[in-house]
Amino acid sequence: MNYQSLSNLDIAIAAALIFINGALSVCLKLGLGRQLLIAALRTVVQLLAIGYVLSWIFANAQWYVVLPVMCLMTLIAGLSAAGRGKRTYAGQRLDSIVSIWVSSWLVAAVGLFAVIRIHPWYEPQYAIPILGMILGNTLTGVSLGIERMIHELTAGRGQVEMTLALGGTRWEAAQLAARQAVRAGMIPTLNQMSVVGLVSLPGMMTGQVLAGESPLQAVRYQIIIMFLIAAASGLGTVVAVLLTYRRVFSPQHRFLAWRLHRRD
Amino acid sequence: MHVANNSVGFPAVLAWSAKPGRTEHDAIPLMQETFRLNQFPLIEAISVSRHDNPGTGWLLETLNYALNPGDRVAITGPSGAGKSVLLRLLAMLDAPDSGELRYRGQAIADRHIPDYRRQVCYIAQKPALLDGSVEDNLRYPYSLKVHAGSRYQRDAVLRLLEHAGKPVGFLTRHASELSGGEAQVLALVRALQLNPQVLLLDEPTAALDPVSVQQVEALVDAWFDASRALVWVSHDPAQALRVSHRQHVMKAGVLA
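Computed from a predicted structure; not experimentally measured. (Residues numbered from 1 in each chain as written. Chains lettered and ligands numbered in written order. Predicted model: local features only at pLDDT ≥ 70, side-chain atom pairs only at ≥ 80, totals over all residues. Heavy atoms only, no water.)

### Digging into the overall build of chain B
Stage number 1. Scanning chain B for helices and strands turns up ten helices and ten strands.
Stage number 2. Here chain B, with 256 residues, has 52% of them falling under the buried criterion.
Stage number 3. Restricting to contacts in chain B with at least 6 residues of sequence separation, those with at least 24 account for 74%.
Stage number 4. When the accessible surface of chain B is split by element, carbon and sulfur atoms take 54% of a total near 12000 Å². (Helix = DSSP H or I, 4+ residues; strand = E, 2+ residues; numbered from the N terminus. Buried < 20%, exposed > 50% of the residue type's maximum accessible area, 1.4 Å probe, protein only. Contact = heavy atoms within 4.5 Å. Areas by Shrake-Rupley, 256 points an atom, 1.4 Å probe, with all protein chains shown as cover.)

### So, the sheet that holds strand β4 (residues 98-103) of chain B
Residues and elements named next belong to chain B.
Stage number 1. One open sheet accounts for four strands, arranged β2-β1-β4-β5; its pairing is antiparallel. Only two strands of the sheet have a single neighbouring strand rather than two, namely β2 (58-67) and β5 (106-107).
Stage number 2. Bridge analysis of strand β1 (residues 43-51) against β2 gives six bridges, and the strand direction is antiparallel. The residue of β2 that forms the bridge with Glu 44 is Ala 66. (Pairing = 2+ DSSP bridges.)

### Structural notes on the packing of helix α7 (residues 170-195) of chain A against helix α9 (residues 215-248) of chain A
Residue and element names in this part refer to chain A.
Stage number 1. Where α7 meets α9, the closest approach of the two axes is 9 Å, and the angle between their N-to-C directions is 155°. By the criterion of interaxial angle, the relationship of α7 to α9 is roughly antiparallel. Here the hand of the crossing between α7 and α9 comes out right-handed. Counted together, Arg 170, Trp 171, Ala 174, Ala 178, Ala 181, Val 182, Gly 185, Met 186, Thr 189, Gln 192 and Met 193 of α7 and Met 226, Phe 227, Ile 229, Ala 230, Ser 233, Gly 234, Thr 237, Val 238, Val 241, Leu 242, Tyr 245 and Arg 246 of α9 form the full contact between these two elements.
Stage number 2. Within the contact of α7 with α9, the residues separate by chemical class into 15 nonpolar, six polar and two charged. (Axes fitted to C-alpha atoms, helices over the stretch in contact; angles between N-to-C directions. Parallel < 35°, antiparallel > 145°, perpendicular 65-115°, else oblique. Left-handed = near helix turned anticlockwise from the far one by under 90°. Nonpolar A, V, L, I, M, F, W, Y, C, P; charged D, E, K, R; others polar.)

### Considerations on the packing of aromatic side chains
Residues and elements named next belong to chain A.
Stage number 1. On inspection of all chains with the given rule, the structure shows nine aromatic pairs over all chains.
Stage number 2. Here the aromatic rings of Trp 171 and Tyr 245 are separated by 5.1 Å at their centres, their planes lie at 85°, and the arrangement is edge-to-face. With Trp 171 in helix α7 and Tyr 245 in helix α9, this pair connects stretches of sequence that are 74 residues apart.
Stage number 3. Take Trp 171: its relative accessible area is 37%, and that puts it in the partly exposed class.
Stage number 4. Of the residues examined, Tyr 245 reaches a relative accessible area of 9% and is grouped as buried. (Phe/Tyr/Trp six-rings, centres within 6.5 Å; stacked < 30°, edge-to-face > 60°.)

### Notes on the interface of chain B and chain A
Stage number 1. Facing 27 residues of chain B, the contacting portion of chain A comprises 17 residues.
Stage number 2. Surface buried jointly by chain B and chain A totals about 1800 Å² across both partners, of which 55% is contributed by carbon and sulfur atoms.
Stage number 3. Applying the counting rule to chain B against chain A returns one salt bridge.
Stage number 4. Glu 161 of chain A is paired through a salt bridge with Arg 88 of chain B; the nearest N and O atoms lie 2.7 Å apart.
Stage number 5. Run the count over chain B and chain A and you get nine residue pairs in polar contact (both at pLDDT 80 or more). (Buried area = accessible area lost by both parts, 1.4 Å probe. Salt bridge = Lys/Arg side-chain N within 4 Å of Asp/Glu carboxyl O. Polar contact = N/O pair within 3.5 Å; in protein donor to acceptor, adjacent residues only side chain to side chain.)

### What to know about the nonpolar core
Stage number 1. Counting residues in each nonpolar core, the largest one holds 83 residues, and the members touching the most others are Leu 153, Phe 249 and Phe 255 of chain A together with Ile 43, Leu 101 and Leu 200 of chain B.
Stage number 2. Of the residues forming this core, the biggest block, twelve residues, is contributed by helix α5 (residues 124-155) of chain A.
Stage number 3. Residues within four places of Leu 101 of chain B in sequence aside, it is in contact with Ile 43, Glu 44, Ala 45, Val 48, Leu 89, Leu 90, Met 92, Gln 106, Ala 107, Ile 108 and Tyr 116 of chain B.
Stage number 4. Of all hydrophobic cores here, the second largest spans 42 residues; its members include Cys 121, Ala 128, Leu 178 and Val 213 of chain B. (Core = buried A, V, L, I, M, F, W, Y, C linked by side-chain atoms within 4.5 Å.)

### Focus: the sheet that holds strand β3 (residues 72-76) of chain B
Residues and elements named next belong to chain B.
Stage number 1. Pairing is mixed in the open sheet, where six strands are placed in the order β6-β7-β8-β3-β9-β10. Two strands close off the open sheet at either side, each with one partner strand: β6 (120-123) and β10 (254-255).
Stage number 2. Sheet topology places β3 next to strand β9 (residues 246-251); four bridges connect them, and they run parallel. Within β9, the residue paired with Ala 74 across the bridge is Gln 247.
Stage number 3. Contacts from helix α8 (residues 180-192) reach β6 and β7 (198-202) within the one sheet, and its direction differs from that of β6 by about 170°.

### Remarks on the pairing of β7 of chain B
Residues and elements named next belong to chain B.
Stage number 1. Counting buried positions along β7 gives five out of five residues, so the element sits mostly inside the fold.
Stage number 2. Taking every second residue as pointing to the same face, both faces of β7 are buried, with Val 198, Leu 200 and Asp 202 on one and Leu 199 and Leu 201 on the other.
Stage number 3. Summarising the sheet, β6 and β7 pair through four bridges and their orientation is parallel. The partner of Ile 123 across the bridge, within β7, is Leu 201.
Stage number 4. A crossover links β7 with its parallel partner strand β8 (residues 229-233), the connecting element being helix α9 (residues 210-223), and its sense is right-handed. (Right-handed = clockwise from strand over helix to strand, strands pointing away.)

The structure is reproduced here in structure tokens:
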């Protein structure tokens, strides 16, 4: 290893820097001292916890350990994608989980087996971080896509029903909203792809460089990851929007607006 | 049983009038068809009902109703009486909790509902317009699959607009600049150019000035003939008398 190992003392030194923020809060009467303390503690506790979990998984690199962890990660991503937006519908949680699951696993499989070609197939050192990165971005796309679909259909109810009343099919009535929703879900990924390397250096690439990997190799990884993220996020958004569409339009070409209700 | 049997012939009947490339040989089947079609009401509601969430009462109590060719029906009544509920149900925009609708004696299969709505057009109180010119809005229905057999005809539209006292220049105006009355005229012309057999009007003039009310009524009069039918929901008893031959009052989900 040609990088510096870090001790707990090193963390303590870095933590001292937080006191600068604390002092600022006191001097400027921001009233953020308590929140700052809690945020700093959460950073330490959450990251240490995941560090231990990952160490344990890497030490027990068996499929029956790795697979459940990947399932759990996907489930959490699906659930948190469903938690946003003012309005919701019965089944949104399931739709989020399904769309994230299908798209992320499909794309991760291509990335891991066809591009990076890991061996064995459940090699946690690759499988977990790569699935994690894909999930994190897909969850944003899915969540924005569903949220926008619900918004467009609620705000544009008059137009949706006008199209139906003129003899339009349910898809003809929904397609404008669906297009807007898919676009909304894909924009963050597109933005990210167009500024990567200029405005931001991605965490994974930075990490690989810090760990002693050559920048060119790190960049190759990053490019692959960006494409995997874009594919999964796009696919996930489309699946999520289509699932939402099926929930709020009946086969009788009716718009079931009552299914879109305020979140309790 | 009869539902499944009847629904089989439905698309052929509906598709007939829009079929392009019609020849003279088709004239005889057309006469037979016309004879057969006139035996039945245009729309028949058989024991349809709709209630709110279980236990909270009726939106529409069980109703049997036939709308025949030549019928001009007005429905008045206090708000919340279920007038819109009935109209939306007839347009198949909402599902009944029981009962069924028939069009010209035939049950309506799910996949033929767009066809049904081509014939039975619902006009909302608040017209929904697309962002664009008046003409863009008028062209819009022809982008839908169900109207693929017909094309936008400017002359026919201009004739309709004439009945509402609108000049040619109306076509180029932007939909967002229109007054409430002009928007409703546009929504109505957009529907009438498609030659529906039945119009379901849900208080189309509720928020309009007297001149616009007159224009809307004139447009509907121009479209109407003895083969067609209309149901006009209105809050104004004088208008109800003016636009219809038969008047009903609706109270608490009951049509009387």
